[in-house]
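Spelled out from the first residue to the last, the chains are:
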Protein chains: 2
Amino acid sequence: MTSLQTDTNAAPSFVEPPSPESLRRVLDGRWADVRAEARDLMRSTTRPSAVGLGTQEHRDQVLRELHALRDSGLHRRGFSRDYGGLDDIGGSVTSFEMLGYGDLSLSVKAGVQWGLFGGAVQALGTKTHHERYLPAIMDLDLLGCFAMTETGHGSDVQNLRTTATYDPDRREFVVHTPDPSARKDYIGNAARDGRMAVVFAQLVTQGRGYGVHALLVPLRDDAGRPLPGITITDCGHKAGLNGVDNGRIVFDQVRVPREALLDRFASVAEDGSYSSPIESESRRFFTMLGTLVRGRVSVSGSALAATQVALTIAVRYAEQRRQFADPDTGGEVPLLDYLTHQRRLLPALARSYALHFAQSELVATLHEVQSAEHPDDARQRELESRAAGLKAAATWHATRTIQTCREACGGAGYLSVNQLPALKADTDVFTTFEGDNTVLLQLVAKGLLTSYRDHFGDLDVLGTARFVADQFVGTVIERTAARALLQRLAGARRGPDADLRDRAWHVQLFEDREKHVLDSLARRLRAAGQDGVSAFEVFTAAQDHVLRAARAHVERVVLEAFVAAVDACDDPRTAALLDRVCDLYVLSNVEEDLDWFTAHGRLTPARAKAVTRAVNDLCRELRPHARLLVDGFGIPEESITAEMLRPV
Amino acid sequence: MTSLQTDTNAAPSFVEPPSPESLRRVLDGRWADVRAEARDLMRSTTRPSAVGLGTQEHRDQVLRELHALRDSGLHRRGFSRDYGGLDDIGGSVTSFEMLGYGDLSLSVKAGVQWGLFGGAVQALGTKTHHERYLPAIMDLDLLGCFAMTETGHGSDVQNLRTTATYDPDRREFVVHTPDPSARKDYIGNAARDGRMAVVFAQLVTQGRGYGVHALLVPLRDDAGRPLPGITITDCGHKAGLNGVDNGRIVFDQVRVPREALLDRFASVAEDGSYSSPIESESRRFFTMLGTLVRGRVSVSGSALAATQVALTIAVRYAEQRRQFADPDTGGEVPLLDYLTHQRRLLPALARSYALHFAQSELVATLHEVQSAEHPDDARQRELESRAAGLKAAATWHATRTIQTCREACGGAGYLSVNQLPALKADTDVFTTFEGDNTVLLQLVAKGLLTSYRDHFGDLDVLGTARFVADQFVGTVIERTAARALLQRLAGARRGPDADLRDRAWHVQLFEDREKHVLDSLARRLRAAGQDGVSAFEVFTAAQDHVLRAARAHVERVVLEAFVAAVDACDDPRTAALLDRVCDLYVLSNVEEDLDWFTAHGRLTPARAKAVTRAVNDLCRELRPHARLLVDGFGIPEESITAEMLRPV
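Computed from a predicted structure; not experimentally measured.

## Some thoughts on the overall build of chain A
In terms of helices and strands, chain A carries 22 helices and 13 strands. Whereas a compact globule of 648 residues would reach a radius of gyration of roughly 26 Å, chain A reaches 26 Å, a difference of no more than 12%. Reported as C-alpha extents along the three principal axes, the dimensions of chain A are approximately 85 × 65 × 40 Å. Considering only contacts within chain A whose residues lie at least 6 apart along the sequence, 75% involve residues at least 24 apart. Working note: accessible area of chain A is about 23,400 Å², and carbon and sulfur atoms make up 49% of it.

Here it is in structure tokens:
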């Protein structure tokens with residue numbers, strides 16, 4: 001039997017597809033109750049539309065909606081029980097993900113207020129801060145900002161230039177913007193609503209700098225007027241998310257009391273002497289940053305939710321919209337019957353499934369790591385790396401897929417009443433905020449090269465290069481999910497003629513790619529710092545290799561999550577359908593990287609062509625189930641408002 | 001010498017780069033005077049910004065700007081000398097392209113008024129229509145619409161459902177919308193400003209249908225109220241282009257006089273008898289549509305101009321913005337020094353150059369074909385195919401590149417004051433309007449398969465399949481530009497070890513790809529209609545192959561235009577730089593299609609890897625000239641308003 005015959009004939013067909021509910025149960029996973037609660041909330045209240053609103057009206061509406069959200073209590077889940085929360089980190093991130101089915105301005109505003117601002121107070125502050133601020137933050141009596149990014153420094157947070165200099169005479173910190181490029185920029189809640197900010201600044205005391213620390217700085221009085229020394233400007237209209245009031249903050253020698261320092265990881269005594277349980281400045285900084293990983297996980301959740309909405313709209317439209325007659329029957333053909341259209345939507349849909357399972361697994365890991373009584377440094381670093389990699393993968397997937405959905409809906413997709421314009425515009429910045437994707441992937445690669453022994457987040461090129469030169473002995477694949485199953489699949493060696501839908505072959509292929517790309521990258525980087533070659537030059541020349549290594553790693557982790565989810569599924573019909581979706585995820589991914597697989601001898605030219613045919617076959621097989629697959633997401637009908645889906 | 005050594009060492013360096021002016025002269029080409037006039041116009045008047053405007057204010061502003069444009073006289077160029085024009089088709093399209101440096105709502109509004117509405121009256125009407133309407137259209141005394149697309153039919157124009165039934169008793173046509181999906185949709189100028197429309201409708205007379213024809217139908221009275229029987233609704237807010245008032249039109253038995261029919265290609269006598277110089281209904285329809293090819297050429301021009309603006313902004317920002325310190329020097333590194341950043345911007349910049357030269361050549365062909373005294377059917381069909389292919393290539397390039405530029409500028413790229421949001425949102429629909437790109441590429445492939453013998457625009461699957469089965473004997477590469485040079489390059493056969501920068505090898509590689517893909521497609525399509533296989537099934541199964549064939553053709557045509565432009569360049573420094581840019585266009589294109597080249601034995605795995613290295617090398621070589629390359633576009637500084645490019 002040739003491999004071509006295998007592709008087309010060996011596939012089991014779905015005589016009985018599962019119900020959308022059964023599919024939804026598998027997708028809902030561990031925090032199904034939180035999802036149910038969020039769905040009920042969306043169904044019980046009519047969310048106003050943001051279409052055509054001016055910036056001010058949109059901001060007003062989102063602020064009102066934020067209060068409505070507070071009244072629902074959904075936001076309390078992530079906070080400590082001591083202050084009225086539930087200590088349920090996974091549930092909190094999941095509920096935030098569900099907000100991605102609505103106006104993303106609201107979800108970002110909520111993320112700024114409770115996730116970033118409230119989260120920083122909780123994670124970086126101590127009891128005094130918690131008692132004083134957390135209840136007010138949860139209740140929206142205190143609206144706040146997370147003032148980290150500056151105009152001149154975004155990705156390179158370690159080199160922020162805002163200063164917080166301790167004055168022992170008055171027992172105060174003086175917060176100051178030394179030059180225009182050090183102004184805080186793009187800060188959510190700053191332009192209008194924020195009354196206070198967690199400000200990240202270089203801490204200076206007794207004439208010495210200790211690196212970046214966070215302080216609470218009041219911004220406005222009760223009437224909303226900026227306090228003395230504080231200048232706030234509005235970032236104005238943006239591509240999207242115009243319900244969020246982003247602004248710039250400049251500090252002119254602003255004084256705050258010593259207690260303003262969020263002092264969980266470092267404190268300054270009255271006399272100005274500095275102390276911290278963590279000795280290394282770099283390690284301290286990245287430990288502080290690491291506590292904020294929840295934000296990044298939340299962004300991938302939102303991106304995936306928004307992408308699900310776009311795919312639901314595009315698939316429904318493609319089933320309903322007909323164009324050109326079938327010459328054999330004379331009837332007009334639904335767009336989704338065309339291979340080109342299937343090719344645009346179905347691999348993206350399969351990838352949405354894959355990323356959803358990877359996200360669910362990441363949320364569970366986050367929950368366990370951050371709920372543990374004793375912090376586990378290695379697990380925390382691995383978590384940060386996973387979060388960074390998945391954030392990049394999920395947000396690029398959103399950008400690309402929502403664009404495709406817009407195009408697949410033609411002119412109708414360009415009208416704001418059909419939702420796609422806002423989905424596109426609002427998610428566009430997700431690839432940038434909470435870490436630029438390109439930078440994040442470099443951090444992922446660095447984590448892999450150093451086996452997470454080093455601190456995550458530091459892009460010290462020379463250090464990485466030296467570490468690689470000294471210690472890297474080859475990639476070890478650390479399986480993340482369903483370890484026993486994956487062990488078995490990876491162990492059952494498959495020859496070059498394995499069935500293209502053989503899961504063991506898939507797992508081996510992805511592991512092998514990751515290992516090869518990473519090992520060859522390590523060899524390249526060893527040259528850095530040797531024989532007078534500049535470390536920077538070596539690293540820069542290898543940068544595309546670095547990104548490829550990170551991508552290969554992320555794809556492998558995503559595949560493992562998908563395999564584990566199918567394995568854990570106890571309804572055979574659902575499992576059979578998911579199995580096929582997983583095939584499409586794998587093979588369309590292989591197809592996108594076909595040049596690598598053939599150039600590196602992993603696929604013969606003939607087999608590479610067979611991959612393309614197999615993707616076409618899978619598109620045809622899954623086409624009848626496309627509607628079921630989007631319905632399985634369980635997006636409340638209230639969130640699908642696109643007018644074009646209603647009869648004219 | 002190994003091929004790797006060839007890549008990196010054999011490249012000539014530019015000791016003396018050309019001046020931006022010299023580069024601009026080459027880019028400006030044949031209609032340099034029109035470009036100069038347009039630049040002067042942009043420099044002499046301050047264009048108001050559209051940032052943050054509400055829909056109504058934006059529409060008002062664009063209408064005012066349209067009047068200012070009229071006062072400049074720039075729009076007259078494309079009209080007949082008999083009515084105050086210059087009969088300069090190429091100049092007209094070029095001036096429209098230059099409008100792409102400003103607010104794209106204005107350029108689309110101008111395109112609707114003078115290009116589509118005025119163009120249809122000129123091309124489809126006769127002297128009576130011209131005398132009566134053209135002066136008023138040019139002077140904006142009559143604002144109009146081009147009412148072709150319906151809610152239910154966009155790509156499949158032949159099956160529009162609006163009817164124009166002739167009533168011989170009253171010597172009138174009755175224009176009617178038979179059902180809701182037949183309403184005219186997305187029509188520019190309809191929601192507010194248009195007073196009249198060219199309406200495309202199924203002409204019925206003496207009880208028989210004659211296919212789609214165009215009629216002039218008044219929409220509103222002088223006060224702007226819709227006339228009896230006409231219902232107009234507003235498409236409302238859109239993803240972009242909100243300065244254009246798109247609307248929907250429903251006709252309820254609306255009567256217009258017999259003379260309303262634009263009767264260049266068909267007329268109805270008083271008694272209702274139909275006559276046309278073109279017998280075949282399908283041929284007549286596509287002849288009518290063919291006269292409107294200018295619109296499609298103008299869209300690619302706008303897309304390319306907007307992309308040049310985005311690249312100029314992103315390259316300047318990447319030279320100015322620094323992030324992370326070089327460990328060897330301690331200084332912060334400009335973004336453009338990073339390979340990842342070069343990889344994002346420079347291949348896109350090279351492609352912008354390539355597409356610009358292809359566009360210039362297309363405009364020249366359009367000018368010649370449409371200025372010729374005697375129509376040449378074959379040349380017209382080839383022109384339509386080229387226009388369709390380049391429209392798809394240019395608009396997808398715009399969508400992808402402007403997205404990349406936004407991401408490459410990080411958070412700053414998301415702020416409306418930095419121009420990229422509007423560039424992205426406004427150009428997004430370009431892949432859809434004036435023909436959906438996916439449909440256009442299928443038409444291109446059909447033209448190639450039938451050697452343009454058939455009428456362009458008709459997607460009759462069965463007919464194409466039968467034609468291919470009967471007559472296709474293999475692809476003949478028809479070179480479009482610099483024929484002698486290309487003949488020579490294609491003839492100088494290169495072995496598999498040719499230098500990666502050998503232009504002869506490039507030309508052969510692109511020609512070979514086109515030929516192979518098209519020949520194998522023809523073989524597949526032969527199966528259609530044979531042995532009971534459904535033509536539709538065969539065609540659908542081959543759809544990705546069809547798109548690939550069209551793409552391979554377009555890339556070859558674009559390369560030829562680039563090669564011809566370099567060949568014609570008489571300044572050696574400019575030619576040397578353009579040569580390198582052409583290398584990057586070719587090799588980054590090969591890299592994107594590497595799986596095809598390796599799977600089909602055109603590149604060995606080792607050579608495939610060398611291609612990637614060569615792209616990296618070219619990025620490094622061209623990086624110092626990136627600013628020069630964007631300055632060469634000659635975009636007036638007044639059009640680059642991005643605030644982030646000014647010191648904070």
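## Description of the sheet that holds strand 7 (residues 230-234) of chain B
Residue and element names in this part refer to chain B. One open sheet holds the 3 strands; their spatial order is 4-8-7, and the pairing between them is antiparallel. The open sheet terminates on both sides in strands that have one partner only, identified here as strand 4 (184-187) and strand 7. The average angle at which neighbouring strand axes cross in this sheet is 20°, direction not considered. Bridge analysis of strand 4 against strand 8 (residues 247-251) gives 2 bridges, and the strand direction is antiparallel. In the sheet register, Lys184 faces strand 8, and the bridge partner there is Ile249.

## Points about the interface of chain B and chain A
Residue-level contacts link 81 residues of chain B with 80 residues of chain A. Interface area, chain B with chain A, both sides summed: about 6,400 Å², of which 56% is carbon and sulfur. Contact with chain A buries surface across chain B, with Phe324, Tyr414 and Phe536 of chain B losing the most and accounting together for 12% of the total. Summed over the shared surface of chain B and chain A, the result is 4 salt bridges. Across the pair Asp428 of chain B and Arg406 of chain A runs a salt bridge, and its minimum N-O distance is 3.3 Å. In this structure, the connection of chain B to chain A is made through 47 residue pairs in polar contact (both at pLDDT 80 or more). Among the elements that make up the side of chain B that touches chain A, the one with the highest residue count is helix 21 (residues 605-622) of chain B (6 residues).

## Let's talk about the packing of aromatic side chains
Residue and element names in this part refer to chain A. The full count for this structure, using the stated rule, is 22 aromatic pairs over all chains. Measuring from ring centre to ring centre gives 3.9 Å for Tyr210 and Tyr274, while their planes differ by 15°; the resulting arrangement is stacked. A residue pair is termed long-range when its members are at least 10 positions apart, and Tyr210 in strand 6 (residues 208-218) and Tyr274 in strand 11 (residues 274-275) qualify at 64 residues. Using a relative accessible area of 15% as the deciding quantity, one classes Tyr274 as buried.

## What to know about the environment of Pro226 of chain B
Residues and elements named next belong to chain B. Summarising the element assignment, Pro226 is placed in the loop between strand 6 (208-218) and strand 7. Remark: the alpha-carbon pair of Pro226 and Leu449, spanning 223 residues in sequence, is separated by 47 Å. Apart from residues no more than four positions distant in its own chain, Pro226 is found in contact with Leu219 and Arg220.

## What about the packing of helix 15 (residues 483-491) of chain B against helix 16 (residues 503-525) of chain B?
All names here are of chain B. Where helix 15 meets helix 16, the closest approach of the two axes is 8 Å, and the angle between their N-to-C directions is 90°. Accordingly, the angle class assigned to the pair helix 15 and helix 16 is roughly perpendicular. Residues Leu486, Leu489 and Ala490 of helix 15 form the contact with helix 16, whose participating residues are Arg503, Ala504, Val507, Gln508 and Glu511. Here the contact of helix 15 with helix 16 is composed, by residue class, of 5 nonpolar, 1 polar and 2 charged.

## Concerning the relation of the copies chain B and chain A
When chain B is fitted to chain A, the residual RMSD is 0.0 Å, and the transformation amounts to a turn of 180° plus an axial shift of 0.0 Å. What the rotation and shift describe, once combined, is the action of a two-fold rotation axis. Across chain B, the rotation axis passes nearest the C-alpha of Asp595 of chain B, at a separation of 2.0 Å. Interface overlap between copies: 99% of the residues of chain B at the interface are likewise at the interface in chain A, consistent with a symmetric, same-surface contact.

## As for the side chain of Arg503 of chain A
All names here are of chain A. Along the chain, Arg503 turns up in helix 16 (residues 503-525). A distance of 2.6 Å separates polar atoms of two side chains, one belonging to Arg503 and the other to Asp579. Residues within four places of Arg503 in sequence aside, it is in contact with Leu489, Val563, Asp579, Cys582 and Asp583.

## Digging into the pattern of salt bridges
Applying the stated criterion across every chain, the model contains 113 salt bridges over all chains. Asp631 of chain A is paired through a salt bridge with Arg627 of chain A; the nearest N and O atoms lie 3.1 Å apart. With Asp631 of chain A and Arg627 of chain A both in helix 22 (residues 626-631), this residue pair falls 4 residues apart, about one helical turn. Looking at Asp631 of chain A, the relative accessible area reads 24%, which means it is partly exposed. Taking relative accessible area as the criterion, Arg627 of chain A reaches 32% and is therefore assigned partly exposed. The salt bridge involving Arg344 of chain B is made with Glu407 of chain B; its shortest N-O contact spans 3.9 Å. Of this pair, Arg344 of chain B sits in helix 10 (residues 339-371) while Glu407 of chain B sits in helix 11 (residues 377-408), placing them 63 residues apart in sequence. Relative accessible area serves as the criterion here: at 9%, Glu407 of chain B is assigned to the buried category.

## Description of the environment of Ser280 of chain A
Residue and element names in this part refer to chain A. Relative to the helices and strands, Ser280 is located in the loop between strand 11 and helix 8 (281-290). Accessibility expressed as a relative area gives 36% for Ser280, which makes it partly exposed. Taking the C-alpha atoms as reference points, Ser280 and Tyr210, separated by 70 residues in sequence, lie 9.7 Å from one another. Engagement of the side chain of Ser280 in a polar contact is seen with the backbone nitrogen of Ser282, the distance being 3.3 Å. From its side chain, Ser280 meets the backbone nitrogen of Arg283 in a polar contact 2.9 Å long.

## Some remarks on the nonpolar core
Looking at soluble globular proteins, one finds that nonpolar side chains tend to be buried together. Counting 189 residues, the largest nonpolar core has Phe200, Tyr353 and Phe562 of chain A as its most contacted members. In terms of residue count, helix 10 (residues 339-371) of chain A provides more of this core than any other element does, 16 residues in total. Judged by nonpolar contacts, the second largest core, of 184 residues, contains Phe117, Leu262, Ala350 and Leu577 of chain B.

## Side note on the confidence of the model for chain A
Residue and element names in this part refer to chain A. Averaged over chain A, the pLDDT score is 93; the fraction of residues at 70 or greater is 96%. This model gives residues 1-12 a pLDDT under 50, and the stretch forms 17 contacts once residues within four places in sequence are excluded. In the model output, the complex is listed with pTM 0.96 alongside ipTM 0.95.

## Focus on the packing of helix 11 (residues 377-408) of chain A against helix 12 (residues 420-427) of chain A
Residues and elements named next belong to chain A. At a minimum axis distance of 9 Å, the contact between helix 11 and helix 12 shows a crossing angle of 160°. Considering the angle they form, helix 11 stands roughly antiparallel to helix 12. Read as a crossing pair, helix 11 and helix 12 show a hand that is left-handed. Residues Thr399, Ile402, Gln403, Cys405 and Arg406 of helix 11 form the contact with helix 12, whose participating residues are Leu420, Leu423, Lys424 and Thr427. A class-by-class count of the residues in the contact of helix 11 with helix 12 yields 4 nonpolar, 3 polar and 2 charged.

## As for the sheet that holds strand 4 (residues 184-187) of chain A
All names here are of chain A. Here we have 3 strands laid out as an open sheet, ordered 4-8-7, and antiparallel in their pairing. Here the strands that pair on one side only, and so sit at the sheet edges, are strand 4 and strand 7 (230-234). The sheet shows a mean angle of 20° between the axes of neighbouring strands, taken without regard to direction.

## What to know about helix 15 (residues 483-491) of chain A
Along an α-helix, a turn takes 3.6 residues, which lines up residues three or four apart on a common side. Residues and elements named next belong to chain A. Among the residues of helix 15, Leu485, Leu486, Leu489 and Ala490 are the ones counted as buried. Around the axis of helix 15, the buried residues are gathered within 125° of arc, so they sit on the same side. Exposed side of helix 15, more than 90 degrees from the buried face: Arg483, Ala484 and Arg488 are the residues found there. In the core, the buried residues of helix 15 are packed alongside helix 16 and helix 18 (543-568).

## Some points on helix 10 of chain A
With 33 residues, helix 10 of chain A should reach 48 Å at 1.5 Å per residue; the first-to-last C-alpha distance of 47 Å fits that figure. Counted residue by residue, helix 10 of chain A has 26 buried out of 33 residues, so it is predominantly covered.

## Examining the state of the cysteines
What we call a disulfide is simply a covalent bond connecting the sulfur atoms of a pair of cysteines. Residue and element names in this part refer to chain A. As enumerated under the stated definition, the model contains 0 disulfides over all chains in all. There is no disulfide at Cys582, and the cysteine sulfur nearest it, in Cys569, is 12 Å away. For Cys582, a relative accessible area of 0% translates into the label buried.

## What about the environment of His67 of chain A?
Residue and element names in this part refer to chain A. Following the sequence through the fold, His67 ends up in helix 4 (residues 55-72). For His67, a relative accessible area of 26% puts it in the partly exposed group. Through-space distance from the C-alpha of His67 to that of Asp139 is 8.5 Å; in sequence the pair is 72 residues apart.

What counts as what
Residues numbered from 1 in each chain as written. Chains lettered and ligands numbered in written order. Predicted model: local features only at pLDDT ≥ 70, side-chain atom pairs only at ≥ 80, totals over all residues. Heavy atoms only, no water. Helix = DSSP H or I, 4+ residues; strand = E, 2+ residues; numbered from the N terminus. Rg over C-alpha atoms; globule rule 2.2 N^0.38 Å. Contact = heavy atoms within 4.5 Å. Areas by Shrake-Rupley, 256 points an atom, 1.4 Å probe, with all protein chains shown as cover. Pairing = 2+ DSSP bridges. Axes fitted to C-alpha atoms, helices over the stretch in contact; angles between N-to-C directions. Buried area = accessible area lost by both parts, 1.4 Å probe. Salt bridge = Lys/Arg side-chain N within 4 Å of Asp/Glu carboxyl O. Polar contact = N/O pair within 3.5 Å; in protein donor to acceptor, adjacent residues only side chain to side chain. Phe/Tyr/Trp six-rings, centres within 6.5 Å; stacked < 30°, edge-to-face > 60°. Buried < 20%, exposed > 50% of the residue type's maximum accessible area, 1.4 Å probe, protein only. Parallel < 35°, antiparallel > 145°, perpendicular 65-115°, else oblique. Nonpolar A, V, L, I, M, F, W, Y, C, P; charged D, E, K, R; others polar. Least-squares fit on C-alpha atoms with pLDDT ≥ 70 in both. Core = buried A, V, L, I, M, F, W, Y, C linked by side-chain atoms within 4.5 Å. pLDDT = per-residue confidence, 0-100. Left-handed = near helix turned anticlockwise from the far one by under 90°. Arc of directions from axis to C-beta. Expected span 1.5 Å × (residues − 1). Disulfide = S-S within 2.5 Å.

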